[in-house]
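# Residue-level structure breakdown
So you can see what is in the structure, the chains are spelled out below.
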Amino acid sequence: EALSNSGDADATPDIYSYNHTLDALANSRDPTAVTRADSLILEMILKRKPNLMPDAISYGTWLKVITLSEGTDKQRRAKDVLKMMKIHNFKPTEYLIKKLQDLGVSGTGGS
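I will try to describe carefully the structure that is included in this document. Just so it is clear, the structure is predicted and the values come from calculations on it, not from any experiment.

Here the focus is the packing of helix 3 (residues 56-68) against helix 5 (residues 94-102). At a minimum axis separation of 10 Å, helix 3 and helix 5 run at an interaxial angle of 20 degrees. Taken as axis vectors, helix 3 and helix 5 run roughly parallel relative to one another. The handedness of the crossing between helix 3 and helix 5 comes out as left-handed. Contacts from Ala56, Tyr59, Gly60 and Leu63 of helix 3 reach helix 5 at Leu96, Lys99 and Leu100. Residue classes in the contact of helix 3 with helix 5 are distributed as 5 nonpolar, 1 polar and 1 charged.

Set out below in structure tokens:
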């Protein structure tokens, strides 16, 4: 379900809308939350608008979705988050580095 496909046709989601939706997914404990979060991040990137690119909150909340999921592939998914950060030249914050390390991911470029 893309944010842009719901509600008022004139309403355009902003970074806050996306981040709140990611947080709702994290808190939902829905078995499809990780896949839905992956799709939402991809939607943000494919918009190709600088003000919609994932930010530290987006990446942190994406990691929260992964952390709270019941999946067994958390480390692989966290590596995908790091890969996405690197592809888009996003320098992870200390908080994000810690979350990635908690999920067993190294090579974050942190201290």
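A few words on the packing of aromatic side chains. Going through the model one piece at a time under the given rule, you end up with 2 aromatic pairs. With 4.9 Å between their ring centres and 45 degrees between their planes, tyrosine 59 and phenylalanine 90 make a pair best called tilted. Taken together, the residues span a long stretch of sequence, with tyrosine 59 in helix 3 and phenylalanine 90 in the loop between helix 4 (74-87) and helix 5 at a distance of 31 residues. By the ring-pair criterion, three or more aromatic residues cluster together here, those being Tyr59, Trp62 and Phe90.

Our focus in this paragraph is helix 2 (residues 33-46). Compared with the 20 Å implied by 1.5 Å per residue over 14 residues, the 20 Å span of helix 2 between its first and last C-alpha is a close match. Taken together, the buried positions of helix 2 are Ala33, Val34, Ala37, Leu40, Ile41, Glu43, Met44 and Ile45. After helix 2 finishes, the residue arginine 48 shows a positive phi value of roughly 55 degrees.

Rules behind the numbers
- Residues numbered from 1 in each chain as written.
- Predicted model: local features only at pLDDT ≥ 70, side-chain atom pairs only at ≥ 80, totals over all residues.
- Heavy atoms only, no water.
- Axes fitted to C-alpha atoms, helices over the stretch in contact; angles between N-to-C directions.
- Helix = DSSP H or I, 4+ residues; strand = E, 2+ residues; numbered from the N terminus.
- Parallel < 35°, antiparallel > 145°, perpendicular 65-115°, else oblique.
- Left-handed = near helix turned anticlockwise from the far one by under 90°.
- Contact = heavy atoms within 4.5 Å.
- Nonpolar A, V, L, I, M, F, W, Y, C, P; charged D, E, K, R; others polar.
- Phe/Tyr/Trp six-rings, centres within 6.5 Å; stacked < 30°, edge-to-face > 60°.
- Expected span 1.5 Å × (residues − 1).
- Buried < 20%, exposed > 50% of the residue type's maximum accessible area, 1.4 Å probe, protein only.

Interpretation note: all reported values are geometric properties and have no functional meaning in isolation.
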